Each structure stands twice: as structure tokens, then as C-alpha cells.
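Structural overview
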Amino acid sequence: MNIIVCIKQVPDTAEIRINPETNTLMREGVPSIINPFDLHAIEAAVQIKEQHGGTVTVLTMGPPQAETSLREAVSMGADEVVLLSDRAFAGSDTWATSYTLAKAIEKLGADIIFCGKQAIDGDTAQVGPETAEFLDIPHISYIKKIEEVTDSAIRVQRMMDEGYDVVESSLPVLLTVVKELNQPRMPSLKGKMAAKKAEIKKMGMADINADEKSLGLKGSPTQVKNIFAPEIKAERKMIEGTAEEQVENLVKELREIKCL
Amino acid sequence: MPVIVNADNCSGCETCLESCPFDAIEMKEGKAVINEYCNACMTCLSACPEGAIIETGDKAENAKASDTFKDYKDVMIFAEQRDGKIASVALELLGAGKKLADELDAKLIAVLLGADESEAQELARWGADKVVLCSDSALRDFNDDAYSSVLARVIQQQKPSIVLAGATPIGRSFVPRVAAKLNTGLTADCTSLEIDKESRNLLQVRPAFGGNIMATILCPDYRPQMATVRPRVMKKGEYQKDRSGEIIAVDLGDFTSRTKVVEFVKEVSEVSVNIHEADIIVAGGRGVGGEKGVQMLEDLAEALGGALGASRAAVDEGWIPYSHQVGQTGKTVNPKVYICCGISGAVQHLVGMQSSDIIIAINKNPDAPIFNVATYGIIGDIFEIVPMLTRKIKEIKGQ
Ligand SMILES: Cc1cc2nc3c(=O)[nH]c(=O)nc-3n(C[C@H](O)[C@H](O)[C@H](O)COP(=O)(O)OP(=O)(O)OC[C@H]3O[C@@H](n4cnc5c(N)ncnc54)[C@H](O)[C@@H]3O)c2cc1C
Ligand SMILES: Nc1ncnc2c1ncn2[C@@H]1O[C@H](COP(=O)(O)O)[C@@H](O)[C@H]1O
């Protein structure tokens, strides 16, 4: 069983603040982490390997710094790690990212491909399904439980709005995972040693048979036009006084606007 | 790189470093250099006092599709159904789509899969000029392979300029495949859509970086322009019971699928339903402190006939179940009144409730950011204010 996990290195959005003067993100000092959903994807892949044998390859497309995330993946049990990095990939939107990942996956070969449900920087949740389409294989989104894996098929639970579906698919298949799926393991001492020594396989445009026009910013149908701070309503009215007066006045306001 | 620095003109003033939202400019030997984080947002172009940053025009050659642009005219929405009944997000899309169609002087087309003609008529009453209906029962249950191939084919036939779908579990799962099939862009989870007056392109606004920032996205060189739209953000259109529209029944034959749903397990909690339909939501955050605090909010919600909401902090603490969570990773709501009790007002919470008509904030910290979005703010202790408020309301209502 060959399993590929696609991970993305992202800024920890919990730590991101916006600079009120310039309206830009303050990235300085914000740590880079493995996208939280992708940790669950790595865990799922390693568990399947432990039960069925095979190899887990973790793949990321990003700048050279993403190497640190790949080493972290090794410490969690990944056998091979691949850094897909090339200046030509810069500025990719989800279409171009998925195209590039699919080209690399075609080269590497896989029975099961895992992605996180979404990346916390872009929050799009599009790269998984789009990659599956480029590979011309089925996908199942929001996996919360893997019920059964055989050499040729898989049965999983897919989270939906009002419950869950039990879905079967033939292999190869691409799965996107939610946090309910598992608890990602902490790296073992042995894992940490392996991470230090791990050899990182590098792939660029020339290694994946990609059409240059479909890569990076050039190949991206969508463009970011501008970025701005979330708008804030400014019509607030503070209700002052003692607690009794505050409640009294709030009730009065609510009656005036016919909420009571 | 789509943007480069003309080193001869660069004075090394570093103004551009500040302007870049992506940290994509660095100084090397006293000159600015664009690195691979560049998203081509072009903010730095106008920031540079020397005019040293220029577009390379890398993008321009991609306008290849533009000669066929004029064929792509209308606005299309994907009308999601569950159990054969139109989902409310479809009506919201009709509302949003109608505005765009009017502005473009185009038709509003709805695509309905796996439901009956009566539901198609209903879409017309909610504003669709044309409904493409594929009533095959094989499409009754959601299926990624079948839905994506049918929608892609309908788009190729109808050639809409804009395609909108709900950012629901269904829309977010299969619509990316449609965009990949059609080799066009897709913008996820939009909260606002407008037509650019000059170019007539669709301006798609969405939150990113966990709601810390908003981005406007364009898809200028490819058609259709596709977007998923966050549920409960757009207003439904107007219902006209005498309105009718053209209904085009299509039979697209074979819907082979490589995945199969063997069972659906319903786990719908009453709260999910309530929180979406309630006119009033009383929401608690870390400030509620524990179960006693939650009980106090439930009492207020009950007195008002409302539902209970929660911030992620209250959910992570285990005081309130996840199904009540409002925000970026929870639900989006827009009740008439949203009462925040002991919630600080992190952006990730705000994105889920900002569109409420009236926001009441009760917080003991006068500097809490929640007061910036509140219609009415009370600086005070919820353990003092809330029980008093509940009593008062009960009095008024004679409960
Ligand atoms: C990717 C991502 C997604 C997220 N998604 C969500 C989401 O969907 N929803 C969400 O809510 N959050 C989300 N968050 C978390 C968010 O950033 C905040 O951490 C969270 O909203 C804080 O919750 P809080 O306001 O209840 O708690 P706190 O920030 O701890 O605020 C508690 C407030 O209660 C006040 N208080 C305390 N005691 C009292 C009292 N007795 N009377 C009155 N006031 C009192 C305090 O002054 C304080 O302002 C997300 C974060 C990330 C990074
Ligand atoms: N640059 C990338 N390299 C590898 N995997 C990625 C990349 N971008 C996104 N992914 C995968 O796609 C998932 C969804 O990302 P997104 O569509 O950006 O929200 C992530 O959880 C990753 O598994």
C-alpha cells in the first residue's frame, strides 16, 4: 500500500494580528506550523501502514523553508518526504496548486492520498477535490472515521450537515480528513532522530512533466485583487449606570425596537 | 515573478516592506527583492515612492479565453436539495444571483438535480428565469462523481458567466471538481459578491487567515467565474407566487460513480436546527465560567424564546457542545438579536455573527473588542446582569 499525504506549512493563524495602520498582516514572529488538519492526515496514513504495511510519503509544495515541516512528518512516522519546490510554482492558487500536486503524485504513484479538510491560511478546502479531479480518481471529503481498508477498496464515514454518510470507494482514492478522525501522535525519540537524518527528496518543474503555462501565478485563474481588514460596525451605544439601571435601560431599548 | 523591482530606481527606503501583506519583499544589499511568497496583489506598486516596482506582464498572455468571453453571459446558481426539498442556501443564492444578473442585464439560471418539477417551479417563484432540471432519481442522494460531471456538462451547454453554489459540505466537496474539469477558477466561501463597474468582472470577497483579513478575488481571464457562498450571509430574494420560469428538463443519462453511499446516519441535534432558525441567540464565552453560567444563559434564552450559542473557548472548555459553536469553525448565524455574554470578540467569532441585526455585548472588560461591533454595550458582570435581565423579561412577558 503506497500512501501519500499532502501537507502544507502555514503561519499559525491564531497568532496573526493585523497592523491597524497599514492594514496588512503582521507575520513577524508568527511561527510556521504544519496545517493542523494535515497532522490528522499523517496520523491516519501511519496507522494504515502499521496495520497493512506499505510506505507513507509526505509531500508538500512550498518554499525551501517547508523542509522543517517535512522533518516533523518524519518524526511522526513518515517513511519518505518530498519537497516540491520551484520558482515557477510561486503564486499558485488552488487550481495551479492542485495541478502541480497531481503531476507529482502521478510520478510518485499512490493507492490512497490524504489531504487535510482545509488549510488554515486560505481556508478553501479546494485542493483535495481538485487534485483528485486532475488525477481522475474519486475523492471523499471530511472523513471522520475509517471503517475498513482492503487492498482494493475502502469504507469510511463522511461528516455531513445532519449526520454522516458511510461511503465506499475503490482504490486509488483521495480522502480529506477532519479533526474527529484521530489524535495525532507526539514524535517519539526515535522519530526525532530519524527526522534529523532524513533525506529530503526535492522535485521541481523539470521532474513532474508539467505544462509550464499551468504553473504558479501564470497558471492561476484567480487573482487576489486586494486585501483589507474586516469591516467593523460603529453604531454602538454604551448603556451606563448601576447594574439595575443598565438592565432597565436595555429592556427599554429592546422594547423600543420591538424586540420585546 | 509577476512583480519585479527595478534596482536602478530603488532607493532602499523599505516602504514597500511595510506595505506587503505577505512578507514577500526582502532587502538584499540595500535593494528590495520580491520573494516566492508574492501573491501578486500589487499593493507594493503604489506604495513605492520611486515607482521602482513594476508588473512584468507575465499574466497577460493568459487572456487566451477572452475572445470567447462574449458567449458567457448569464448567472447560474446550483440549487442544492436534500430529500428532494430545496435547501435554504439555494434561495439565498437566488437572492444574490438576481442582483448580479440585473446588473449584468442577464438571466438567472438555477440548476436542480434529483428533485421534481414542483420544486423547479418553486425556484422560479424565488426568482429564477430558467431552471435546468435533471430529475433522475440517481441524483437524489449527493454523489461527487455524478454531481460534478452533470454540473460541468450543464455549464458547458448554458455558458454562464458566473456560477454560484453554497459553501455547504456538499458544495465545498464537489464544486472544486467542476472548476478543475472546466479549467477555471473557484473562490471559496465568499461573504460578498459585486460586479466591478468598469470591467464587469465579479468581485468576490472572502475571509482568509482565520478571518483576520478579507480578500477580494477576481477571475478575469477565464469563464465561468465560480464561487461558493457562505450560507446565511446573503439575503433571500423575493417570493412571488404567480411568477413562473422556463423549465428545461435534461436527461444526461449515465451517472456512474466510483464512490457509493451505503448508509446515512442521521445525527441531527435539535440545537443545530434551533440555532439557525432562532430570532434571538444568547451566546456564552469563557466568561460563563462553567455549567452554572451556562444554566443562567439557558434561562435567559428560554425567557426570550431564543437559542443558546457559544464561542470556541466555551466549547473547548467542555461547557457547551460543539453544535452550538458560532464562528469561523462553527456556524454562521444572523438572528435579529445576538447577545454575547463573556465573549471577548475575536475575529474568528465575529465572522460567524457579525451580520446579526442587533448585537448586545455584556462584558466586564471595557476594552474587550466585542464592544466595537456591539449595537448595545454593557460593561458589567454577567452573573449580576443576566439573572436580573431574565427576571425583568419574565415579568414583562408575564411568565
Ligand atoms: C483557525 C481558528 C478558528 C477559530 N474558530 C472559532 C470559532 O468558530 N468560534 C469562536 O468563537 N472562536 C474561534 N476561534 C477562537 C478565537 O480566536 C477565540 O480564541 C475565542 O473566540 C475566544 O472565546 P471567548 O471570547 O469566549 O474567550 P476569551 O477571549 O477568553 O474572552 C472571555 C471574555 O469574557 C469576559 N468575562 C469573563 N468573566 C466575565 C464575567 N463574569 N462577566 C462578564 N464578562 C466576563 C472577559 O473580559 C473576556 O473578554 C478560532 C481560532 C482559530 C485560530
Ligand atoms: N502547497 C501544498 N502542498 C501540499 N499540500 C497542500 C498544499 N496546499 C494545500 N494542500 C493540501 O490540501 C488541503 C486543503 O488545502 P486548501 O484547499 O488550501 O484549504 C490541505 O490540508 C493539504 O492537505
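Along each chain, numbering runs from 1 in the same order as the chain's sequence is written. Each chain gets a letter, beginning with A, and each ligand a number, beginning with 1, in the order they are written. Two thresholds apply to this predicted model, a pLDDT of at least 70 for residue-level local features and 80 or more for giving and counting side-chain atom pairs, whereas whole-chain, interface and lining totals are computed over all residues. Excluding hydrogens and water, the side-chain values take into account all heavy atoms of the structure.

This paragraph deals with helix α6 (residues 169-182) of chain B. Residues and elements named next belong to chain B. Helix and strand assignments follow DSSP, with helices taken as H or I runs no shorter than four residues and strands as E runs no shorter than two, numbered in order from the N terminus. Here a helix's expected span is defined as the number of its residues, less one, multiplied by 1.5 Å. Over its 14 residues, α6 extends 21 Å from the first C-alpha to the last, a length consistent with the 20 Å expected when each residue adds 1.5 Å. Of all the bends in α6, the greatest reaches close to 25° and is centred on Val175; the proline Pro176 follows between one and four positions later. Counted residue by residue, α6 has 13 buried out of 14 residues, so it is predominantly covered. At the exit of α6 stands Asn183, carrying a positive phi of roughly 50°. Bend angle per residue: angle between axes fitted to the 7 residues ending at that residue and the 7 residues starting there. Throughout this description, buried means an accessible area under 20% of the type-specific maximum (1.4 Å probe, protein chains only), exposed means over 50%, and partly exposed covers the range between.

For the rest of this paragraph, the subject is the pairing of strand β8 (residues 112-116) of chain A. Residue and element names in this part refer to chain A. Of all five residues making up β8, five are buried, and the element is well covered by its neighbours. The alternating pattern of β8 places Ile112, Phe114 and Gly116 on one face and Ile113 and Cys115 on the opposite face, and all of these are buried. Strand pairing is assigned whenever DSSP identifies at least 2 bridges connecting the two strands. The sheet contact formed by strand β1 (residues 2-6) and β8 spans three bridges and is parallel. When the sheet's bridge partners are listed, Val5 is paired in β8 with Phe114. Pairing geometry for β8 and strand β12 (residues 173-177), over five bridges, is parallel. Residue pairing across strands places Cys115 opposite Thr176, the latter belonging to β12.

With that settled, consider the packing of helix α8 (residues 291-304) of chain B against helix α12 (residues 382-397) of chain B. Residues and elements named next belong to chain B. To get an axis, fit a line to the C-alpha atoms, keeping to the stretch in contact for a helix; angles then go from 0 to 180 degrees between the N-to-C directions. The interhelical angle for the contact between α8 and α12, taken along N-to-C directions, is 25°, at an axis separation of 9 Å. On the basis of the axis angle, α8 is roughly parallel to α12. Helix-helix and strand crossings are classified by hand; for α8 and α12 the assignment is left-handed. The residues of α12 that touch α8, namely those facing Gly293, Met296, Leu297, Asp299, Leu300, Ala303 and Leu304, are Ile382, Phe383, Val386, Pro387, Leu389, Thr390, Ile393, Lys394 and Lys397. In the contact of α8 with α12, the residues fall into 11 nonpolar, two polar and three charged. Oblique is the label for any angle not covered by the other classes, which are roughly parallel (under 35 degrees), roughly antiparallel (over 145) and roughly perpendicular (65 to 115). With the far helix as reference, a near helix turned anticlockwise by less than a right angle produces a left-handed crossing, and one turned clockwise produces a right-handed crossing. Residue contacts are counted whenever heavy atoms from the two residues lie within 4.5 Å of one another. We call Asp, Glu, Lys and Arg charged. Ala, Val, Leu, Ile, Met, Phe, Trp, Tyr, Cys and Pro are nonpolar, and the rest, Gly among them, are polar.

Each full turn of the α-helix corresponds to 3.6 residues, which orients residues three or four apart in the same direction. Those residues of helix α2 (residues 67-75) of chain A not exposed but buried are Ser69, Leu70, Ala73, Val74 and Ser75 of chain A. Note on α2 of chain A: the residue one or two positions beyond its end, Gly77 of chain A, has a positive phi of about 120°.

Looking now at the sheet that holds strand β13 (residues 202-208) of chain B. Pairing is antiparallel across the open sheet formed by four strands, whose spatial order is β14(A)-β14(B)-β13(B)-β12(B). Bordering the open sheet on either side are β14 (223-228) of chain A together with β12 (192-195) of chain B, each of which pairs with just one other strand. Neighbour-to-neighbour, the strand axes of this sheet turn through a mean angle of 25°, independent of strand direction. The sheet contact formed by β12 of chain B and β13 of chain B spans four bridges and is antiparallel. In the sheet register, Leu193 of chain B faces β13 of chain B, and the bridge partner there is Gln204 of chain B. Lying on the sheet, helix α3 (residues 88-104) of chain B is in contact with β12 and β13 of chain B; it crosses β12 of chain B at an angle near 10°.

Turning our eyes to something else, we now look at unusual backbone geometry. A cis geometry characterises the amide bond from Leu171 of chain A onward to Pro172 of chain A, with omega recorded as -5°. Following Arg223 of chain B, the chain continues into Pro224 of chain B via a peptide bond in cis, with omega recorded as -5°. Here Pro224 of chain B is to be found in the loop between β14 (213-218) and β15 (225-229). Of note in this structure, Tyr142 of chain A is not a glycine but carries a positive phi near 45°. Tracing the sequence through the fold places Tyr142 of chain A in strand β9 (residues 139-149). In this structure Tyr142 of chain A comes out as buried when scored by relative accessible area, which is 7%. Its identity as a non-glycine residue notwithstanding, Asp189 of chain B has a phi of 60°, on the positive side. By secondary structure assignment, the location of Asp189 of chain B is in strand β11 (residues 186-190).

Around ligand 1, the surrounding shell holds 27 residues, and the nearest of these are Arg286, Ser311, Thr329, Ser344 and Asn363 of chain B. Any residue with a heavy atom positioned within 4 Å of a molecule or strand is treated as near that molecule or strand. At the site occupied by ligand 1, the surrounding residues belong to chains A and B. Between ligand 1 and Gln328 of chain B, the relevant distance is 3.0 Å, taken from an oxygen atom to a main-chain nitrogen or oxygen of the residue. Polar contact criterion, stated in full: a pair of N or O atoms within 3.5 Å, where within protein one must be able to donate a hydrogen and the other to accept it, and residues adjacent in sequence count only if both atoms are side-chain atoms. In this structure, Ile382 of chain B approaches ligand 1 through a main-chain N or O atom, which is 2.9 Å from a nitrogen atom. For ligand 1, the accessible surface in isolation is 990 Å², of which the surrounding protein chains cover 82%. Breaking the shell around ligand 1 down by element, the ones donating at least two residues are α9 (312-316), α10 (347-350) and α12 of chain B. Note that accessible areas follow from Shrake-Rupley with a 1.4 Å probe, and for residues the cover is restricted to the protein chains shown.

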